[in-house]
Amino acid sequence: MDAFFDPGSVAVLGASNDSSKWGFWLAAGALRGAERRRVYLINATAGSIQGQPTYARLRDLPETPELLVISVPGPTVAGVVAEALENGVRAFLIISARVPDADRLAATIRETGGRLIGPNSLGIVDSHADLLLAWGNFIPGSLAVVTQSGQLGTEIATLAARSGLGVSRFASIGGQSDVRAAEVLATLVDDPATAQVALYLESFTGGAALVSALKALRAAGKPTMILTTGASSAGARLARSHTGSMTSAMDTVDAACRAAGAIRLATPGQLVELAGFFASAWLPKDRRIGVLSDSGGQGAIAADTAESWGLDVHELSAGGAGRVSELLPEADHIVNPIDLDGAGEKNLDVYADLAEVLLTDTDIDAVVVSGYFGCYGEDVPDLRDRELAVVDRLGELVAEAKKPVIVHSMSASSPAVTRLWELGIPAYTSIEAAMRVLARAGFYAAHSGRLTESLELTGPVTPWGTGYAAARAVIEGAGIPVPAGVTVGSVGPGESRAPAEAAKASELRPPFALKAGWPAHKTEVGGIVLGLSDLPAVETAYADMVGRLGEGEYILEEMDTRDHVVEILVGGRQDENFGPVVMVAAGGTETELFADTWLELAPVTHTEALDMISRLSCSRLLTGWRGRPAADIDALAEIIVAVSRMVAGNNAIAEIEINPVRVAPDGALAVDALVVTTETPTAENVPAEKPNSEE
């Protein structure tokens, strides 16, 4: 990758004197690094470009360039690349758009041992290596930008520059036809000029490598902030299980971010505001904050906004409240949020005095100052030096406490606000931005990534057509408890087993549940009957079901009649980009109605499974809702772990779902299951005369 970001020589094919064309900017940028590398400008008609001599053809150069930048009409690119490969070029940056058969072109380059960024790239920049091969100007700094959309990446760089942040490296990777985001990210891990990373992706092909690169960046102490757009829902429409249909591509991206210790954001503006925080402030150790305001209304809104972002406006200790009372003897609200009630106008030092109280409180992790502070010197010039002195003291307090202070100021660019940023105290013009940044910084601090065990892949689990009976056997073999049961009806070629006879032989006890073995969603086709009190009832229900659904494989089970049961769904699937994932959700027949889900990359540990359960809204039902006894959450967690290991250890499993897992105080029981494998579907044990029975 050094050939892209610090080449010894670079040639620009399509260099131009016309400032409205890409060739002009590429030539001008390349020449900025002429003291570091040899630069060649190629143009068949111009004798000189920007005062530098040109070459008519690539083969006229005195050497083979280490990096060739191509900016010519798309239809001509293939011919240019063929000539370059013949002349030994192995690194290509293709700016050109609308290049025919770009994938084939990329394959040709790879086959010769070459590498390609583009086509349709907006260029690459490395400020430390004096490399500028892009349109426009980039201010040097510590933020690396890796993006599929060149223009959106440029917007990030522009917003960062306006906020005082510069760019260490910029890579517009286009459609990732060859060099992918993960490879560029890997180069940033040891890049001394890069302190944090902005990543925009529209596709996550090769997601496992991406997660690995993000983990390496996190381990190197370099925060990665991710922007992405909504992915296609086609996969969800085709999924046979709730696990596949109820989770989106964005859910999986979020799970990957948690696993990697990265953070996903919604807009370039939000990314840059958080980057400003990361570049200057200490990370909060937890989510408990103290709020200090010179307006009761602004303080109340600050507290409400904080709680909406999951921050805890923590009540001060008795000692802390006592110290605040001494500083604000006439104030009405001194617990948290603290209302200065005019004290700041009498003595600006009170801002720093109160901040010191909050910063030294062991129950406070961060301090937010909201309101007029930052405006005094701007509105009253005589107060400028006094306000700046308070800012300087705040900087000293922050450095000593190693806790963040964030200011919401009504001024955007006063001398005090500028000094706040210089001293590592982020200042924002809205309380929403201040709380949003603090919450996300806290999330980042609490999610440092996790180790995901790599399991040795086994062979196929089961062929497609064996339905619920096979799924029961698979999950039971993985240690997941299932009800006592027996297969009845068509149990093999030419074989049939009567329900009553099978129940007696297996010593099953009533009440019974009778289930059709092949439908993915049994209740929707009348493929399940519960509460059968005796064997005659079983025979009647069986005759009715066969009459409606046809001959096939049926399962008779002992029905779970325990009290205080909560129904939960546990599932797993192979994500096309990130590989195995596991999901837990509110279960039962209303699972899609509640859409109460949580998803992680698989496999997970018991502790991680417990955390997944706690993320569900319905988790309160498991911990003892309104006097009910608590369910056996550990037993549920073990089932989640088992499913996660099954899907992670066997790439023949496309989807697996247990719905419901019935969780009671004395354990968890899986009473229905679906395993979809990658084997070609067969008609075995599926009634041919009922072709729509699975719909």
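Residues numbered from 1 in each chain as written. Predicted model: local features only at pLDDT ≥ 70, side-chain atom pairs only at ≥ 80, totals over all residues. Heavy atoms only, no water.

Asker: Now, about the overall build of the chain: what can you tell me, with residues and values included?
Answerer: Looking only at helices and strands, one finds 26 helices and 31 strands in the chain. Projected onto its principal axes, the C-alpha coordinates of the chain cover approximately 95 × 85 × 35 Å. Scored against the burial criterion, the 695 residues of the chain give a buried share of 54%. Look at the contacts in the chain between residues 6 or more apart in sequence, and 71% of them connect residues 24 or more apart. The averaged location of the 88 negative side-chain charges in the chain is 4 Å from the averaged location of its 52 positive side-chain charges. (Helix = DSSP H or I, 4+ residues; strand = E, 2+ residues; numbered from the N terminus. Buried < 20%, exposed > 50% of the residue type's maximum accessible area, 1.4 Å probe, protein only. Contact = heavy atoms within 4.5 Å. Lys, Arg positive; Asp, Glu negative; His and termini not counted. Charge placed at Lys NZ, Arg CZ, Asp CG, Glu CD.)

Asker: So, the pairing of strand 10 (residues 140-147): which residues are in play, and what are the values?
Answerer: Pairing analysis gives six bridges linking strand 10 to strand 11 (residues 167-172), with the strands arranged parallel. Counted as the bridge partner of Val 145 is Phe 170 from strand 11. Handedness of the strand 10-helix 5 (residues 150-162)-strand 11 crossover: right-handed. As paired elements, strand 10 and strand 12 (residues 196-201) share five bridges and run parallel to each other. Bridged to Leu 143 within strand 12 is Gln 196. (Pairing = 2+ DSSP bridges. Right-handed = clockwise from strand over helix to strand, strands pointing away.)

Asker: How would you sum up the sheet that holds strand 7 (residues 115-117)? Please name residues and give values.
Answerer: One open sheet holds the five strands; their spatial order is 2-1-5-6-7, and the pairing between them is parallel. This sheet does not close on itself; its edge strands, each paired only once, are strand 2 (38-42) and strand 7. Across the sheet, the mean angle from the axis of one strand to that of its neighbour is 20°, orientation sign disregarded. Where strand 5 (residues 67-70) meets strand 6 (residues 91-94), three bridges bridge the pair, whose relative direction is parallel. Bridged to Val 69 within strand 6 is Leu 93. (Axes fitted to C-alpha atoms, helices over the stretch in contact; angles between N-to-C directions.)

Asker: Could you give me a rundown of the nonpolar core, with the residues and numbers involved?
Answerer: With 56 residues, the main nonpolar core has Ile 124, Leu 133 and Leu 185 as its most contacted residues. If one sorts the elements of this core by residue count, helix 10 (residues 249-260) sits on top with six residues. Once residues within four sequence positions are removed from consideration, Ile 124 is found in contact with Phe 4, Phe 5, Leu 67, Leu 93, Ile 117, Leu 131, Leu 132, Leu 133, Ala 134, Phe 170, Ala 171 and Ser 172. By size, the runner-up hydrophobic cluster in this structure holds 46 residues, among which are Ala 275, Ala 366, Ile 406 and Tyr 444. (Core = buried A, V, L, I, M, F, W, Y, C linked by side-chain atoms within 4.5 Å.)

Asker: Pulling in residues and values, what's your account of the packing of aromatic side chains?
Answerer: Inspection of every chain in the model, using the stated rule, returns 14 aromatic pairs. Between Tyr 351 and Tyr 376, the aromatic rings sit 6.0 Å apart at their centres with planes inclined by 70°, giving edge-to-face as the arrangement. Separated by 25 residues along the polypeptide, Tyr 351 in helix 15 (residues 349-359) and Tyr 376 in helix 16 (residues 376-379) bring together distant segments of the chain. As far as the burial class goes, Tyr 351 and Tyr 376 line up, both buried. (Phe/Tyr/Trp six-rings, centres within 6.5 Å; stacked < 30°, edge-to-face > 60°.)

Asker: Outline the confidence of the model for the chain, listing residues and values.
Answerer: On average, residues of the chain carry a pLDDT of 90, and 92% of them reach 70 or more. Segment residues 234-245 is flagged for pLDDT under 50; beyond a separation of four residues in sequence, or across chains, it makes 35 contacts in the model. Here residues 680-695 scores under 50 on pLDDT; set against residues more than four positions off or in separate chains, the count is 32 contacts. (pLDDT = per-residue confidence, 0-100.)

Asker: Which residues make up the environment of Arg 472, and what are the values?
Answerer: Within the secondary structure, Arg 472 sits in helix 20 (residues 467-477). As for Arg 472 and Ile 568, which are separated by 96 residues in sequence, their C-alpha atoms are 17 Å apart. Dropping the residues within four chain positions of it, Arg 472 is found in contact with Val 482, Pro 483, Ala 484, Gly 485, Ile 555 and Glu 557. A distance of 2.8 Å separates the side chain of Arg 472 from the backbone oxygen of Pro 483, its partner in a polar contact. (Polar contact = N/O pair within 3.5 Å; in protein donor to acceptor, adjacent residues only side chain to side chain.)

Asker: Just give me the short version of the sheet that holds strand 9 (residues 131-134), but keep the residues and values in it.
Answerer: The strands making up a sheet associate through backbone hydrogen bonding, with each pair oriented either parallel or antiparallel. The strand order across the open sheet formed by seven strands is 9-8-11-10-12-13-14, and the pairing between neighbours is mixed. Each end of this open sheet is capped by a strand with a single partner; those strands are strand 9 and strand 14 (263-264). Of the strand pairs in this sheet, strand 12 and strand 13 (residues 224-228) are connected by five bridges, and their pairing is parallel. Counterpart to Ala 198 in the pairing with strand 13 is Met 225. Against the sheet, helix 7 (residues 207-219) contacts strand 12 and strand 13, and its axis sits at roughly 160° relative to strand 12. Seen against the sheet, helix 11 (residues 268-280) touches strand 12, strand 13 and strand 14 and runs at an angle of roughly 180° to strand 13.

Asker: Describe the side chain of Ser 9, with residues and values.
Answerer: Residue position: Ser 9 is located in strand 1 (residues 9-13). For Ser 9, a relative accessible area of 2% gives the class buried. Within the structure, Ser 9 has its side chain in polar contact with the backbone nitrogen of Glu 66 (distance 2.9 Å). Leave out the neighbours within four places in its chain, and Ser 9 touches Arg 37, Arg 38, Tyr 40, Glu 63, Thr 64, Pro 65, Glu 66 and Leu 67.

Asker: A description of the environment of Val 272 should follow, citing residues and the corresponding values.
Answerer: In this fold, Val 272 is placed in helix 11. On the basis of relative accessible area, Val 272 is assigned to the buried category, the value being 6%. Those residues within four positions of Val 272 in sequence are excluded, and the remaining contacts are Ile 156, Leu 159, Ala 160, Ser 163 and Leu 165.

Asker: Describe in detail the pattern of salt bridges, supporting the description with residues and values.
Answerer: Inspection of the entire model under this criterion finds 31 salt bridges. Two residues, Arg 419 and Asp 392, come together in a salt bridge whose shortest N-O distance is 2.6 Å. Placement of the pair is Arg 419 in helix 18 (residues 415-422) and Asp 392 in helix 17 (residues 384-401), with a sequence separation of 27 residues. Accessibility expressed as a relative area gives 25% for Arg 419, which makes it partly exposed. Here Arg 436 ties to Glu 432 by a salt bridge, and the two come within 3.8 Å at their closest N and O atoms. On the criterion of helical spacing, the pair formed by Arg 436 and Glu 432 is a turn pair, its members being four residues apart in helix 19 (residues 431-446). A relative accessible area of 13% places Arg 436 in the buried class. (Salt bridge = Lys/Arg side-chain N within 4 Å of Asp/Glu carboxyl O.)

Asker: So, the packing of helix 7 against helix 10: which residues are in play, and what are the values?
Answerer: Following both chains from N to C, one finds helix 7 and helix 10 inclined at 40°, their axes separated by 8 Å at the closest point. Between helix 7 and helix 10, the crossing angle belongs to the class labelled oblique. Relative to helix 10, the crossing made by helix 7 is right-handed. Across from Val 211, Leu 214, Lys 215 and Arg 218 in helix 7, the residues of helix 10 making contact are Ala 256, Ala 259 and Ala 260. For the contact of helix 7 with helix 10, the per-class residue count stands at five nonpolar, no polar and two charged. (Parallel < 35°, antiparallel > 145°, perpendicular 65-115°, else oblique. Left-handed = near helix turned anticlockwise from the far one by under 90°. Nonpolar A, V, L, I, M, F, W, Y, C, P; charged D, E, K, R; others polar.)

Asker: Requested: an account of the pairing of strand 18 (residues 366-371), with residues and values cited.
Answerer: The element strand 18 is extensively covered by neighbouring structure, given that six of its six residues are classed as buried. In this sheet, strand 18 lies alongside strand 15 (residues 288-293) in parallel orientation, the contact comprising five bridges. For Gly 290, the partnering residue across the bridge sits in strand 18 and is Val 367. Where strand 18 and strand 19 (residues 405-409) come together, five bridges link them in parallel fashion. Bridging across to strand 19, Val 367 finds its partner in Val 405.

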